[in-house]
Amino acid sequence: MRDFVDGSAFNFEQGQRARKLFAAVVLAALDDAIADDKKYGNGPEQIARWARSRDGREVLSCAGIDPNERVVKGLMEFVSKGVRTSVALSREESERRQAAAEDAEAA
């Protein structure tokens, strides 16, 4: 029984690592689409085309994201904002957004 529990825990950890790897691929695709948007102006269309493709749906699924149309719209909105993923995920950006929301609420 103990071997089964150890094996299950190991498999779960391996699955979590794989999910993180695929999530990193999604973040890289977002960064590429943002770069395309700044350079060519077609970033949201690029990410939508990728997310709707067979490979894109597979990567999103492996990352633990349901590849539906709502997700595609969200990815397109994220790209259209033009904020790189590393900046968007940083603590400073989160604090800046929260401060802006509080200022808007106070006004």
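Residues numbered from 1 in each chain as written. Predicted model: local features only at pLDDT ≥ 70, side-chain atom pairs only at ≥ 80, totals over all residues. Heavy atoms only, no water.

Naming follows an unreviewed UniProt entry, where the chain appears as Elongation factor P of Paracoccus jeotgali.

(A) Focus on the side chain of Asp 31. Of note, Asp 31 is situated in helix 1 (residues 2-39). Given a relative accessible area of 15%, Asp 31 falls into the buried group. Leaving out residues up to four positions away in the same chain, Asp 31 has contacts with Arg 84 and Thr 85. (Helix = DSSP H or I, 4+ residues; strand = E, 2+ residues; numbered from the N terminus. Buried < 20%, exposed > 50% of the residue type's maximum accessible area, 1.4 Å probe, protein only. Contact = heavy atoms within 4.5 Å.)

(B) Structural detail: helix 3 (residues 54-62). When we look at burial in helix 3, the residues that qualify are Gly 56, Val 59 and Leu 60. Taken around the axis of helix 3, the buried residues stretch over an arc of 100°, which confines them to a single face. For helix 3, exposure combined with an orientation more than 90 degrees from the buried face picks out Arg 54 and Glu 58. A positive backbone phi angle near 85° is found at Gly 64, which sits one or two residues after helix 3. (Arc of directions from axis to C-beta.)

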